[in-house]
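A closer look at the structure
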Amino acid sequence: MTNLQAPIGVFDSGVGGISTLRTLAQALPKENFIFYGDSKNAPYGEKAANTVIALSQQVVDELRKQQVKAIVIACNTATSAAKPALIAANPDIPLLGIEPALKEAVDAGKKHILVMATPLTLSQPKYLAQRDRFSQQALIQSLPCPGLADLIEGGAAQLPAIERLLASLLRPLSDQPIDAVVLGCTHYPFITELIRQKFAPSTAFYTGYEGVANNLKATLAQAQLLRPESHQQQVRFMSSRNTVSELKLYQQLFDHGIEIAHG
Ligand code: DGL
């Protein structure tokens with residue numbers, strides 16, 4: 001029988017998933033969490049789908065050694081490339097993921113939506129089906145951002161390079177009346193303000209975090225895995241690049257917010 005006191009595992013290719021973890025930890029204050037960042041193997045978004053499946057399964061194995069009671073893939077790339085394979089290989093544990101928040105933008109009545117994500121996410125059948133499903137309701141433009149997650153992984157030191165890359169990615173869109181931007185990679189919220197500056201002030205931004213938090217709550221409730229009693233929440237960090245400085249960085253990003261441009 002699963003221990004209700006067991007933590008929830010959350011993972012990403014690197015620091016990106018900490019942005020998701022913050023929302024999850026706030027939404028489920030009675031639960032403990034273990035975050036695993038596969039920083040040694042980041043970025044995932046420019047690798048082959050099979051490689052991402054193998055890397056994600058390694059992370060799931062590490063989290064399962066910690067006796068987690070559920071796993072959240074806080075990575076759009078790993079969700080789109082690996083979630084079905086991970087579920088098939090781990091049928092005995094609830095496993096959920098994050099996908100670009102296109103539905104939220106369409107439900108809010110947005111008509112010209114830009115989806116920024118990794119090349120792998122945007123090439124996967126899961127995203128293409130999602131895009132086609134909403135294409136009657138809004139004009140949807142997909143913008144692969146190769147290199148962006150990797151630079152963000154490098155932190156504030158990479159800001160000049162991040163600004164240059166953003167400028168070249170977004171320049172061709174500067175005359176378009178985009179009313180919503182979906183940040184379809186959990187690394188990108190670290191630079192929300194830099195991205196926001198490139199768009200009209202009324203442009204809405206979507207991350208999908210609330211959707212994952214609601215999904216996690218509902219999944220745990222249905223599996224009768226919610227921890228009933230209040231206590232001091234614990235959030236622990238693990239990394240494939242298992243250095244003191246990496247773990248300290250994770251803790252700092254979790255404690256103090258994630259905008260590296262304001263860091
Ligand atoms: N943070 C990840 C995502 O949401 C992956 C970025 C990467 O490793 O390329 O897609």
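Now for a description of the structure that goes with this document. (Residues numbered from 1 in each chain as written. Predicted model: local features only at pLDDT ≥ 70, side-chain atom pairs only at ≥ 80, totals over all residues. Heavy atoms only, no water.)

Quick notes on the sheet that holds strand 3 (residues 70-73)
- One open sheet holds the 5 strands; their spatial order is 4-3-1-2-9, and the pairing between them is parallel. With one partner strand each, in any of the chains shown, strand 4 (95-97) and strand 9 (235-239) form the two edges of the open sheet. On average, each strand axis in the sheet is inclined to that of its neighbour by 20°, with strand direction left out of account.
- On top of the sheet, helix 10 (residues 209-222) reaches strand 1 (8-12), strand 2 (33-37), strand 3 and strand 4; it is set at about 165° to strand 4, its chief contact. (Pairing = 2+ DSSP bridges. Helix = DSSP H or I, 4+ residues; strand = E, 2+ residues; numbered from the N terminus. Axes fitted to C-alpha atoms, helices over the stretch in contact; angles between N-to-C directions. Contact = heavy atoms within 4.5 Å.)

Examining the packing of aromatic side chains
- Evaluation of the coordinates by the stated rule reveals 5 aromatic pairs.
- Ring centres of phenylalanine 199 and phenylalanine 205 lie 6.3 Å apart, and the angle between their planes is 80°; this geometry places the pair in the edge-to-face category.
- Since its relative accessible area comes to 17%, phenylalanine 205 is described here as buried.
- When the centroid spacing of 6.3 Å and the interplanar angle of 65° are considered together, the rings of phenylalanine 237 and tyrosine 250 count as edge-to-face. In this pair, phenylalanine 237 sits in strand 9 while tyrosine 250 sits in helix 11 (residues 244-256), placing the two residues 13 residues apart along the sequence. In this structure, phenylalanine 237 and tyrosine 250 share a single accessibility class: buried. (Phe/Tyr/Trp six-rings, centres within 6.5 Å; stacked < 30°, edge-to-face > 60°. Buried < 20%, exposed > 50% of the residue type's maximum accessible area, 1.4 Å probe, protein only.)

Section: empty space enclosed by the protein
- By the definition in use, this model includes 2 cavities of 30 Å³ or more.
- Lining of the largest cavity is provided by 17 residues; of these, Ser13, Thr118, Ala149, Cys185 and His187 occupy positions nearest its centre.
- Within the residue set of the lining of the largest cavity, elements represented by two or more residues are helix 3 (76-89) and helix 7 (148-153).
- The greatest single-element share of the lining of the largest cavity, amounting to 3 residues, is contributed by helix 7. (1 Å grid on protein atoms, 1.4 Å probe; cavity = no way out; pocket = protein on both sides within 12 Å on 5 of 7 lines; lining within 4 Å. Points joined across faces, edges and corners; volume = space filled by probe spheres on them.)

Side note on unusual backbone geometry
- The residue after alanine 42, namely proline 43, is reached through a cis peptide bond having omega 0°.
- Here proline 43 is to be found in the loop between strand 2 and helix 2 (49-65).
- Unlike most non-glycine residues, glutamine 67 shows phi in positive territory, near 60°.
- Note that glutamine 67 resides in the loop between helix 2 and strand 3.
- Judged by its relative accessible area of 58%, glutamine 67 is exposed.
- Notably, glutamine 224 is not glycine yet its phi reads approximately 55°, a positive angle.
- By the element assignment, glutamine 224 lies in the loop between helix 10 and strand 9.

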